[in-house]
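So the chains spell out like this:
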Amino acid sequence: MGKTGKLPYHIQDWRTWKVEDVPELVQLRQRLASKGLKDPWLRNEVWRFQPGLRKIPWYKLVFKGFGWGAGAFVIAVALEKMFWKEDDHGHH
């Protein structure tokens, strides 16, 4: 929270989430009802199906920053080879 006490992002009110807006959750609710079950927390999963959210592939999470790291490594090795002489202490 900032100095003003406000969050830097907007949290949507929970009453705006409607299970009826998500066909997958409506089907899930119907399947549960056919077995005599009910999920009272199903509304809490609606946000996952909003169009503004996109799924990120696992490899983008695992290798995030790999290109920058590999580039920095190559530059570091090149600088080391250019400016530091080999100190072999006379070993053969």
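Residues numbered from 1 in each chain as written. Predicted model: local features only at pLDDT ≥ 70, side-chain atom pairs only at ≥ 80, totals over all residues. Heavy atoms only, no water.

## Here we look at the overall build of the protein chain
And step 1. When helices and strands are tallied, the protein chain shows three helices and zero strands.
And step 2. Within the protein chain, the proportion of its 92 residues that are buried is 7%.
And step 3. Accessible surface computed for the protein chain: about 9,300 Å², of which carbon and sulfur atoms make up 61%. (Helix = DSSP H or I, 4+ residues; strand = E, 2+ residues; numbered from the N terminus. Buried < 20%, exposed > 50% of the residue type's maximum accessible area, 1.4 Å probe, protein only. Areas by Shrake-Rupley, 256 points an atom, 1.4 Å probe, with all protein chains shown as cover.)

## Remarks on the layout of surface pockets
And step 1. A volume near 190 Å³ is recorded for the largest pocket.
And step 2. Forming the boundary of the largest pocket are Trp17, Lys18, Val19, Glu20, Arg29, Leu32, Lys38, Asp39, Pro40, Leu42 and Arg43.
And step 3. Counted by class, the lining of the largest pocket contains five nonpolar, no polar and six charged residues. (1 Å grid on protein atoms, 1.4 Å probe; cavity = no way out; pocket = protein on both sides within 12 Å on 5 of 7 lines; lining within 4 Å. Points joined across faces, edges and corners; volume = space filled by probe spheres on them. Nonpolar A, V, L, I, M, F, W, Y, C, P; charged D, E, K, R; others polar.)

## Quick word on the nonpolar core
And step 1. One finds Trp17, Val19, Val22, Leu25, Leu42 and Val46 forming the largest nonpolar core, which totals six residues.
And step 2. Leave out the neighbours within four places in its chain, and Val19 touches Leu25, Val26, Arg29, Leu42, Arg43 and Val46. (Core = buried A, V, L, I, M, F, W, Y, C linked by side-chain atoms within 4.5 Å. Contact = heavy atoms within 4.5 Å.)

## Focus: helix α1 (residues 23–34)
And step 1. Given a rise of 1.5 Å per residue, 12 residues ought to cover 16 Å, and the 17 Å separating the end C-alpha atoms of α1 matches this to within 8%.
And step 2. Just beyond α1, the residue with positive phi is Gly36, at close to 80°. (Expected span 1.5 Å × (residues − 1).)

## As for helix α3 (residues 66–83)
And step 1. Its 18 residues give α3 an end-to-end C-alpha distance of 26 Å, which sits within 8% of 26 Å, the value for a rise of 1.5 Å per residue.
And step 2. In terms of residue burial, α3 counts as a barely covered element, since only zero of its 18 residues are buried.

## So, the packing of aromatic side chains
And step 1. The final tally for this structure, using the stated rule, is two aromatic pairs.
And step 2. An angle of 85° between the planes, with centres 6.1 Å apart, marks the rings of Trp58 and Tyr59 as edge-to-face.
And step 3. Taking the centre distance of 6.0 Å and the plane angle of 75° together, the rings of Phe63 and Phe66 count as edge-to-face.
And step 4. Taking relative accessible area as the criterion, Phe63 reaches 47% and is therefore assigned partly exposed. (Phe/Tyr/Trp six-rings, centres within 6.5 Å; stacked < 30°, edge-to-face > 60°.)

## A word on the pattern of salt bridges
And step 1. Counted by the stated rule, this structure contains three salt bridges.
And step 2. Put simply, Arg29 and Glu20 hold a salt bridge, and the shortest N to O gap is 3.3 Å.
And step 3. Using a relative accessible area of 51% as the deciding quantity, one classes Glu20 as exposed.
And step 4. Among the ionic pairs, Arg48 bridges to Glu45, the shortest N-O distance being 2.5 Å. (Salt bridge = Lys/Arg side-chain N within 4 Å of Asp/Glu carboxyl O.)

That is the geometry; function is a separate question.
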